[in-house]
Amino acid sequence: MRAVVVTDFDTEPRLVELPVPDPGPDEVLVRLAAAGVNPFDWKVVEGAMRGSVEHAFPLVLGSDGAGTVERVGEGADFAPGERVFGQFMDVQQGRGSYAEFAVAKAAKLARMPAGLSFGTAAALPTAGAAAHDFVEGTGIGPGCTLLVNGASGGVGQAAVQFAAAQGVRVIGTTDPATADYLRELGAAETVDFTQGPVAEQVRSAHPDGIDAIVDLISGRGEIEPIAALLKPNGVIVSSNGAVDDEVLATRGLRGANLYADARPATLKSLADAVELGQLRMRIDFEVPLEDAAEALARLMAGKSRGKTVLLIE
Ligand SMILES: NC(=O)c1ccc[n+]([C@@H]2O[C@H](COP(=O)([O-])OP(=O)(O)OC[C@H]3O[C@@H](n4cnc5c(N)ncnc54)[C@H](OP(=O)(O)O)[C@@H]3O)[C@@H](O)[C@H]2O)c1
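Under an unreviewed UniProt entry, the name given to the protein chain is NADP-dependent oxidoreductase, and the organism recorded is Glycomyces tritici.

See the structure below:
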């Protein structure tokens, strides 16, 4: 089978031939039709998990994917021919979704509703689950004001929709070209991050502060000016491990570093939301598997206005 691999940390992705893997107990072999691309796919190559977990090389890149069940390991509650989507990354086994076939744990997959395309299903797991979990993680409700920092990207666009659907007033950061689209998705206000510091712009529009923040941009040591926008007892969640909850607590604020959990129930609710027209996943770059390196480079260069998907023949 064709697969996109790296042979070590910090090496370039390459398209190679590999044997089709076998599913073990509670695992499923899927013939993939599409793979979703996420920033974390590249962060793994840069060593995001180096030292905390063994990596097997050659390492097939990618987490998210959608396709048709080919074979089922003992105990896995799926059948050949079923259309499924979910997460495939297992760096210890060298497994990922940028391939014609991939093995996933059955507990990381869900069945696709009939109306869902493979491309959209592949775009959903990580970004959709992150947006879902991060908005829920703030615990806010109707009437509250939420800043989504990074609203123009894959996670951010979904977060805007989840929060707006709950009656939350959403401020979304964006480049000018994506501002109208974010308003269509439910953002009440947009802030142009290319026109100066986001914190200053939000502060001048909301001098009394805001209730909550989903921060998808700030790294460690960078989150302070954004967190300072919060009202007393306000809450900030970070996708990038940037929050120090003890420091926040000394200032009467709350915060957490959150990690998306794309469990089957969440995958199902994401797919249902797409089918019902409650969640739009904009795919802004779609290329064949062999162009995976280009797709990753484009994403990491900061050209994401939605999701990137690899189509697999
Ligand atoms: N913890 C978890 O479980 C988890 C799960 C999913 C994602 N994440 C992380 O969350 C982050 C966002 O993921 P994603 O998939 O949404 O990435 P993405 O699709 O690349 O979106 C990021 C968006 O932020 C914009 N942006 C860049 N610089 C900005 C700035 N200074 N201020 C405001 N916006 C800015 C980007 O615009 P440009 O393209 O113009 O740069 C892009 O539209 C990534 O770091 C990812 O690794 C974590």
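## Notes on the sheet that holds strand 12 (residues 210-215)
Pairing is parallel across the open sheet formed by six strands, whose spatial order is 11-10-9-12-13-14. Edge positions in the sheet fall to strand 11 (189-192) and strand 14 (254-257), since each of these pairs with one other strand and no more. Sheet twist, expressed as the mean angle between neighbouring strand axes with direction ignored, is 15 degrees. Sheet analysis places strand 9 (residues 145-149) next to strand 12, joined by four bridges and oriented parallel. The residue of strand 12 that forms the bridge with Leu-146 is Ala-212. Of the strands in this sheet, strand 10 (169-174) and strand 11 touch helix 5 (residues 176-185), which is tilted by about 160 degrees from strand 10. Contacts between helix 6 (residues 198-205) and the sheet are confined to strand 9, strand 10, strand 11 and strand 12, with strand 11 contributing the most and set at about 140 degrees to the helix.

## Focus on the domain arrangement of the protein chain
One can read the domain layout of the protein chain as domain 1 (2-124 + 281-311) and domain 2 (127-257). Once you take the C-alpha centre of each, domain 1 and domain 2 turn out to be 29 Å apart. Each partner contributes to the roughly 750 Å² buried at the junction of domain 1 and domain 2, and carbon and sulfur atoms together form 44% of this total. Considering only the surface of domain 1 that becomes buried against domain 2, Met-281, Arg-282 and Arg-305 emerge as the three largest contributors, covering 58% of it. There are one salt bridge connecting domain 1 and domain 2. Between Asp-175 and Arg-305 there is a salt bridge, with the nearest N and O atoms lying 3.1 Å from each other. Linking domain 1 with domain 2 are three residue pairs in polar contact (both at pLDDT 80 or more). A breakdown of the residues in the side of domain 1 that touches domain 2 according to their chemical character gives three nonpolar, three polar and five charged.

Calculation criteria
- Every chain begins its residue count from 1, and numbering advances along the sequence as written.
- Thresholds applied to this predicted model are a pLDDT of at least 70 for local features of residues and 80 or more for the giving and counting of side-chain atom pairs; totals over whole chains, interfaces and linings are not thresholded and use all residues.
- Calculation of side-chain values draws on the structure's entire complement of heavy atoms; hydrogens and water are dropped beforehand.
- Strands pair, by our definition, only if DSSP identifies at least two bridges between them.
- Where helices and strands are cited, they refer to DSSP runs of H or I of at least four residues and of E of at least two residues respectively, numbered from the N terminus.
- The angle between two axes is taken between their N-to-C directions and runs from 0 to 180 degrees, where each axis is a line fitted to C-alpha atoms and a helix contributes only its stretch in contact.
- Pairs of residues are marked as contacts when any of their non-hydrogen atoms sit within 4.5 Å.
- As used throughout, domain bounds are those supplied by an automatic or database domain assignment.
- Buried area, as used here, totals the accessible surface that two parts lose on assembly, with accessibility defined by a 1.4 Å probe and the loss added over both.
- We count a salt bridge whenever a side-chain nitrogen from Lys or Arg sits within 4 Å of a carboxyl oxygen from Asp or Glu.
- N or O atoms within 3.5 Å of each other form a polar contact, as long as, within protein, one can give a hydrogen and the other can take it, and as long as residues adjacent in sequence are counted only when both atoms are side-chain atoms.
- Under the grouping applied here, Gly and all other residues not named as nonpolar or charged are polar, the nonpolar ones being Ala, Val, Leu, Ile, Met, Phe, Trp, Tyr, Cys and Pro and the charged ones Asp, Glu, Lys and Arg.

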